[in-house]
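Notes for the structure review
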Amino acid sequence: MPTRAMIKYSLILSLFLVSCVGYKLGGTKPAHLTQVKSINVPLFANDTLSVRAESMATNSAVDALSRDGTYRIASAENADAILEGRIETINYHQVSSSRRDSLRSEELRMEISIAWVLRDARDPARILEKGHSRGSSRFFAGGNLHVARSNALPDALRRACESMTTRIADGF
C-alpha cells in the first residue's frame, strides 16, 4: 500500500513533468526557413557618410548569427541563403542638454536603420525574408564629439543586428 510520502512525491513528479509539455529544444526556425541551414553574409552596403560602418555592420551580423546558433555561417558556394544588408540612416537625437545652454547637448542617442534581405543562394531572385531593423545607443557628448560617435556606432549596430537575427531565427 502506497504511503503518503510516495503519493506526495509522485504528485510532485507528475506536476513537474506536465509543466514541461510543449517545450522542445532547438527547431525554432520559421516554417518557411526550415530548409536553410547556412547563411553567407557579404559586405553590407552603406548609404551614410559614416566611415567603416559597413564592415562593422557585417561583423555585427556575423557575430549575432553565430551567437544565436540557429544557422551556420558559410562561404557563398556552400550557403543555403545569402543575407544582404544596407545601412540606410544614422540619426542623432538630443537626450539632455546643458543647464546653461539648451542648444548644447550633453547626451545624445544614435539611431541606426538597417534594411536587409535574405535570398535563396540557388535562386537569388527568390526572397526568403526581408525587413528593417533598428538599433540605438546613448553616449555623452563631452570633449570630442567625433570620438564619442565613433565609439557608440558598434553598440548601435550590434543592437540592430541582434534584432535582425531574432527575426530571421525566431520569426519575430
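Residues numbered from 1 in each chain as written. Predicted model: local features only at pLDDT ≥ 70, side-chain atom pairs only at ≥ 80, totals over all residues. Heavy atoms only, no water.

**Topic: the pairing of strand β5 (residues 105-120)**
Regular strands place their side chains on alternate faces of the sheet. Pairing analysis gives 15 bridges linking strand β4 (residues 81-97) to β5, with the strands arranged antiparallel. Within β5, the residue paired with I82 across the bridge is R119. Across 13 bridges, β5 lies against strand β6 (residues 127-140) in antiparallel orientation. Along β6, the bridge assignment pairs S113 with R134. (Pairing = 2+ DSSP bridges. Helix = DSSP H or I, 4+ residues; strand = E, 2+ residues; numbered from the N terminus.)

**Considerations on the confidence of the model for the protein**
Here the protein averages 90 in pLDDT, while 94% of its residues score no lower than 70. Summarising per-element confidence for the protein, the mean pLDDT is lowest in helix α1 (residues 4-19) (78) and highest in strand β2 (residues 45-46) (98). (pLDDT = per-residue confidence, 0-100.)

**Re the packing of aromatic side chains**
Counted according to the given criterion, the structure contains one aromatic pair. Seen in terms of ring centroids, Y92 and F139 are 6.2 Å apart; in terms of plane orientation they differ by 90°. Their pairing is edge-to-face. You can see Y92 sitting in strand β4 and its partner F139 sitting in strand β6, a full 47 residues away along the chain. Residue classification places Y92 among the partly exposed residues on the basis of a relative accessible area of 30%. A relative accessible area of 7% means that F139 is categorised as buried. When the ring centre of Y92 is taken as reference, the NZ or CZ atom of R149 above it lies at 3.9 Å. (Phe/Tyr/Trp six-rings, centres within 6.5 Å; stacked < 30°, edge-to-face > 60°. Buried < 20%, exposed > 50% of the residue type's maximum accessible area, 1.4 Å probe, protein only. Lys NZ or Arg CZ within 6 Å of the ring centre and 35° of its normal.)

**Notes on helix α3 (residues 145-170)**
When the terminal C-alpha atoms of α3 are compared, their 37 Å separation across 26 residues agrees well with the 38 Å that a helix rising 1.5 Å per residue should span. Along α3, the largest kink reaches about 25° and is centred on L153; proline P154 follows within four residues of it. Where α3 is concerned, the buried positions are A148, A152, L153, A156, L157, A160, C161, M164, T165, I168 and A169. Lining the buried residues of α3 we find β1 (38-40), α2 (53-68), β4, β5 and β6. (Expected span 1.5 Å × (residues − 1). Bend = angle between axes of the 7 residues up to and from the residue. Contact = heavy atoms within 4.5 Å.)

**Considerations on the side chain of D80**
Considering the arrangement of structural elements, one finds D80 in the loop between β3 (72-73) and β4. D80 gets classed as buried once you look at its relative accessible area, which sits at 16%. In this structure the side chain of D80 is engaged in a polar contact, spanning 2.9 Å, whose partner is the backbone nitrogen of K37. Excluding residues that lie within four positions of it along the chain, D80 makes contacts with Q35, V36, K37, S38, R119, D120, A121 and R122. (Polar contact = N/O pair within 3.5 Å; in protein donor to acceptor, adjacent residues only side chain to side chain.)

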